[in-house]
Amino acid sequence: MEYSALLKMAALARGASYAPYSHFTVGAALLCTDGSVYTGANIENAALTPTVCAERVAIFKAVSEGKRSFKAIAVSGGKDREAPDAAVSPCGVCRQVMLEFCDVGNFDVIVAGATGEPTTYRLDTLIPLAFGPEKLV
Ligand code: THU
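These lines cover the structure that appears in this document, whether it is placed above or below. (Residues numbered from 1 in each chain as written. Predicted model: local features only at pLDDT ≥ 70, side-chain atom pairs only at ≥ 80, totals over all residues. Heavy atoms only, no water.)

1. Looking at the sheet that holds strand 4 (residues 108–112)
Keep this limit in mind: For two strands to be treated as a pair, DSSP must find at least two bridges joining them. Helix and strand assignments come from DSSP, with helices taken as H or I runs of at least 4 residues and strands as E runs of at least 2, each series counted from the N terminus. Lines fitted to the C-alpha atoms define the axes, with helices restricted to the stretch that makes contact. Angles between their N-to-C directions range from 0 to 180 degrees. We call two residues in contact when some of their heavy atoms are within 4.5 Å.
Taken in spatial order, the five strands line up as 2-1-3-4-5 in an open sheet, and their pairing is mixed. Only two strands of the sheet have a single neighbouring strand rather than two, namely strand 2 (37–41) and strand 5 (118–122). Between one strand and the next, the sheet's axes are offset by a mean angle of 20 degrees, whatever the strand orientation. As paired elements, strand 3 (residues 70–79) and strand 4 share four bridges and run parallel to each other. Bridging across to strand 4, A74 finds its partner in I110. Helix 1 (residues 3–13) contacts strand 1 (24–32), strand 2, strand 3, strand 4 and strand 5 of the sheet and is inclined by roughly 45 degrees relative to strand 3.

See the structure below:
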(Lines give C-alpha, C1' and ligand atoms only; values in the text may rest on other atoms or scores of the structure.)
Protein backbone atom coordinates (compact mmCIF):
# COMPACT_ATOMS: atom_id res chain seq x y z
CA MET A 1 0.00 0.00 0.00
CA GLU A 2 1.19 3.53 -0.80
CA TYR A 3 2.07 5.52 2.29
CA SER A 4 0.07 8.46 0.95
CA ALA A 5 -3.05 6.25 1.06
CA LEU A 6 -2.21 5.14 4.61
CA LEU A 7 -1.86 8.78 5.65
CA LYS A 8 -5.30 9.50 4.12
CA MET A 9 -6.76 6.67 6.23
CA ALA A 10 -5.16 8.23 9.33
CA ALA A 11 -6.67 11.60 8.42
CA LEU A 12 -10.11 9.97 8.06
CA ALA A 13 -9.74 8.11 11.37
CA ARG A 14 -9.01 11.47 13.03
CA GLY A 15 -12.69 12.27 12.54
CA ALA A 16 -13.63 9.86 15.34
CA SER A 17 -11.26 11.45 17.87
CA TYR A 18 -12.72 12.13 21.32
CA ALA A 19 -10.72 15.13 22.53
CA PRO A 20 -12.97 17.47 24.54
CA TYR A 21 -10.10 18.58 26.83
CA SER A 22 -7.14 19.26 24.57
CA HIS A 23 -9.15 19.92 21.39
CA PHE A 24 -6.20 18.25 19.65
CA THR A 25 -7.45 15.48 17.40
CA VAL A 26 -5.28 12.67 16.05
CA GLY A 27 -5.86 9.71 13.77
CA ALA A 28 -3.59 6.76 13.04
CA ALA A 29 -3.57 3.95 10.50
CA LEU A 30 -1.45 0.86 11.15
CA LEU A 31 -0.39 -1.29 8.20
CA CYS A 32 0.13 -4.98 9.05
CA THR A 33 2.57 -7.10 7.03
CA ASP A 34 -0.42 -9.12 5.79
CA GLY A 35 -1.77 -5.94 4.16
CA SER A 36 -4.59 -5.31 6.61
CA VAL A 37 -5.01 -1.86 8.16
CA TYR A 38 -6.23 -0.94 11.65
CA THR A 39 -7.15 2.64 12.45
CA GLY A 40 -7.38 4.54 15.71
CA ALA A 41 -8.13 7.97 17.13
CA ASN A 42 -7.16 9.56 20.42
CA ILE A 43 -9.59 9.00 23.28
CA GLU A 44 -9.39 11.45 26.18
CA ASN A 45 -10.74 11.14 29.69
CA ALA A 46 -11.90 13.59 32.37
CA ALA A 47 -9.28 12.16 34.71
CA LEU A 48 -6.71 12.97 31.99
CA THR A 49 -4.20 10.15 32.62
CA PRO A 50 -6.45 7.43 31.15
CA THR A 51 -6.20 9.25 27.79
CA VAL A 52 -4.94 7.02 25.00
CA CYS A 53 -3.21 8.24 21.84
CA ALA A 54 -4.47 7.36 18.37
CA GLU A 55 -1.39 5.24 17.66
CA ARG A 56 -1.92 2.99 20.68
CA VAL A 57 -5.61 2.59 19.92
CA ALA A 58 -4.72 1.34 16.43
CA ILE A 59 -1.96 -0.96 17.70
CA PHE A 60 -4.06 -2.41 20.52
CA LYS A 61 -6.99 -3.01 18.19
CA ALA A 62 -4.71 -5.00 15.89
CA VAL A 63 -2.92 -6.92 18.66
CA SER A 64 -6.22 -7.76 20.33
CA GLU A 65 -7.35 -9.33 17.06
CA GLY A 66 -4.28 -11.51 16.89
CA LYS A 67 -2.04 -9.39 14.63
CA ARG A 68 1.63 -9.30 15.61
CA SER A 69 3.52 -8.23 12.51
CA PHE A 70 3.49 -4.62 11.39
CA LYS A 71 5.08 -2.61 8.60
CA ALA A 72 4.13 1.03 9.16
CA ILE A 73 1.92 3.51 10.97
CA ALA A 74 0.66 6.83 9.62
CA VAL A 75 -0.31 9.67 11.96
CA SER A 76 -2.40 12.73 11.19
CA GLY A 77 -3.27 15.27 13.85
CA GLY A 78 -3.68 18.88 14.78
CA LYS A 79 -5.95 21.36 16.49
CA ASP A 80 -9.59 20.42 16.17
CA ARG A 81 -11.03 21.36 12.78
CA GLU A 82 -7.64 22.54 11.51
CA ALA A 83 -5.44 21.02 8.82
CA PRO A 84 -2.93 18.37 9.94
CA ASP A 85 0.08 19.73 11.81
CA ALA A 86 3.33 18.57 10.20
CA ALA A 87 4.98 18.36 13.62
CA VAL A 88 2.76 15.60 15.04
CA SER A 89 4.83 12.48 15.52
CA PRO A 90 4.24 9.73 18.08
CA CYS A 91 4.82 10.45 21.78
CA GLY A 92 7.42 8.52 23.77
CA VAL A 93 4.90 6.09 25.23
CA CYS A 94 3.60 5.18 21.77
CA ARG A 95 7.16 4.73 20.47
CA GLN A 96 7.79 2.28 23.31
CA VAL A 97 4.60 0.38 22.47
CA MET A 98 5.66 0.20 18.80
CA LEU A 99 9.01 -1.19 19.90
CA GLU A 100 7.25 -4.06 21.67
CA PHE A 101 5.58 -5.29 18.49
CA CYS A 102 7.62 -3.92 15.59
CA ASP A 103 11.00 -4.61 14.10
CA VAL A 104 12.70 -1.25 14.81
CA GLY A 105 14.89 -1.43 11.74
CA ASN A 106 11.99 -2.28 9.46
CA PHE A 107 9.04 -0.25 10.69
CA ASP A 108 8.09 3.12 9.20
CA VAL A 109 6.37 6.02 10.91
CA ILE A 110 4.65 8.29 8.42
CA VAL A 111 3.65 11.80 9.38
CA ALA A 112 2.15 14.68 7.43
CA GLY A 113 4.93 16.78 5.95
CA ALA A 114 4.79 20.57 5.87
CA THR A 115 2.52 20.61 2.84
CA GLY A 116 0.57 17.49 3.82
CA GLU A 117 2.74 15.08 1.85
CA PRO A 118 4.00 11.98 3.71
CA THR A 119 7.35 12.11 5.49
CA THR A 120 8.71 8.74 6.63
CA TYR A 121 10.92 7.98 9.64
CA ARG A 122 12.23 4.55 10.56
CA LEU A 123 11.35 3.61 14.14
CA ASP A 124 14.99 3.06 15.17
CA THR A 125 15.69 6.75 14.49
CA LEU A 126 12.78 7.80 16.72
CA ILE A 127 13.72 5.66 19.73
CA PRO A 128 17.50 5.23 19.96
CA LEU A 129 19.06 3.21 22.81
CA ALA A 130 15.65 1.69 23.47
CA PHE A 131 14.83 -0.84 26.15
CA GLY A 132 13.05 -3.51 24.15
CA PRO A 133 11.72 -7.04 24.56
CA GLU A 134 15.04 -8.62 23.55
CA LYS A 135 16.48 -7.48 26.91
CA LEU A 136 14.13 -9.83 28.75
CA VAL A 137 13.96 -12.93 26.59
N1 THU B 1 -1.93 12.49 20.86
C2 THU B 1 -2.04 11.42 20.03
O3 THU B 1 -3.11 10.79 19.94
N4 THU B 1 -0.96 11.04 19.29
C5 THU B 1 0.21 11.74 19.24
O6 THU B 1 1.11 11.33 18.51
C7 THU B 1 0.39 12.93 20.06
C8 THU B 1 -0.69 13.21 21.03
C9 THU B 1 -3.12 12.94 21.60
C10 THU B 1 -3.11 12.69 23.08
C11 THU B 1 -4.07 13.75 23.57
O12 THU B 1 -5.40 13.29 23.45
C13 THU B 1 -3.89 14.90 22.58
O14 THU B 1 -3.27 14.33 21.44
C15 THU B 1 -3.05 16.05 23.12
O16 THU B 1 -1.85 15.58 23.62
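2. Here we look at the site of the ligand
The condition that has to hold: Near residues are defined by distance, with any heavy atom within 4 Å of the molecule or strand qualifying the residue. Pairs of N or O atoms within 3.5 Å make up the polar contacts considered here, provided that, within protein, one atom can donate a hydrogen while the other can accept it, and that residues adjacent in sequence are counted only when both atoms are side-chain atoms. Residue burial considers only the protein chains on display, and all accessible areas are found by Shrake-Rupley using a 1.4 Å probe. Space inside and on the surface of the protein is sampled on a 1 Å grid over the protein atoms alone, with a cavity defined as a set of points where a 1.4 Å probe fits but cannot get out and a pocket as an open set with protein on both sides within 12 Å along at least 5 of 7 lines; lining residues have an atom within 4 Å of a point. Assignment to a cavity or pocket requires that more than half of a molecule's atoms be within 2 Å of the site's grid points.
Close to the ligand lie S22, F24, V26, N42, E44, T51, C53, A54, E55, S89, P90 and C91. At a separation of 2.9 Å, an oxygen atom of the ligand approaches a polar side-chain atom of N42. When the ligand sits alone it has 370 Å² of accessible area, and the protein chains cover 79% of it. Judged by the proximity of its atoms to the pocket grid, the ligand belongs to the largest pocket.

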